[in-house]
Amino acid sequence: MADEVELSCREAARLISITFERVLTEEESVQLKFHLGDCDDCQHYEVQLKFLHEAAARYRR
Ligand SMILES: [Zn+2]
């Protein structure tokens, strides 16, 4: 339906943080992948968040 679904960086960041709480829907993950393929800032953001979550998980044990 929506022709070019373009995610803003803000929405992308929201989806990235959601991936740590639940599995994204097909549509969400496609949109996110599409955005990440094109946006260095959000790629870095995802890497950072992943790192933080892993560090937090390790710290908790
Ligand atoms: Zn972005």
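Let us look at the structure shown here.

Rules used in this analysis
Each chain has its residues counted from 1, running along the sequence as written. Given that the model is predicted, a residue must reach a pLDDT of at least 70 before its local features are reported, and side-chain atom pairs must reach 80 or more before they are shown or counted; all residues, however, enter totals for whole chains, interfaces and linings. Hydrogens and waters are ignored; side-chain quantities use all the structure's heavy atoms. Any N, O or S atom lying within 2.8 Å of the metal counts as a donor, and for Na, K and Ca the limit rises to 3.2 Å; water is left out, so some sites can look incomplete. Any coordination sphere not matching a tetrahedral pattern (four donors, all angles between 85 and 135 degrees) or a square planar or octahedral pattern (four or six donors, opposite donors over 155 degrees apart, other angles between 65 and 115) is reported as irregular. Strands are runs of DSSP state E lasting at least two residues, helices are runs of H or I lasting at least four, and both sets are numbered from the N terminus onward. Any residue under 20% of the maximum accessible area for its type is buried, any over 50% is exposed, and the rest in between are partly exposed; the area is computed with a 1.4 Å probe on protein chains only. Salt bridges are identified by distance alone: a Lys or Arg side-chain nitrogen within 4 Å of an Asp or Glu carboxyl oxygen.

Points about the coordination of the zinc ion
Right, so step 1: Every protein donor of the zinc ion is listed here as C9 (SG), H35 (NE2), C39 (SG) and C42 (SG), and their distances to the metal cover 2.0 to 2.3 Å.
Right, so step 2: Between the 4 donor atoms coordinating the zinc ion, the angles at the centre fall across 101 to 113°, so the site counts as tetrahedral.
Right, so step 3: Donor residues for the zinc ion, ordered by position in the chain, follow C-x25-H-x3-C-x2-C. Residue C9 is located in helix α1 (residues 9-18), and its partner C39 is located in the loop between α2 (26-36) and α3 (40-60); the two are separated by 30 residues in the primary sequence.
Right, so step 4: Classification of C9 as partly exposed rests on a relative accessible area of 38%.
Right, so step 5: Overall, C39 belongs to the buried group, its relative accessible area being 11%.

Remarks on the pattern of salt bridges
Right, so step 1: If you walk through the whole model with that rule in mind, you get 2 salt bridges.
Right, so step 2: A salt bridge links R22 to E28; its shortest N-O distance comes to 3.1 Å.
Right, so step 3: Take R22: its relative accessible area is 39%, and that puts it in the partly exposed class.
Right, so step 4: Between K50 and E46 there is a salt bridge, with its nearest N and O atoms 3.9 Å apart. Within this pair, K50 and its partner E46 are both found in helix α3, separated by 4 residues, close to a single helical turn.

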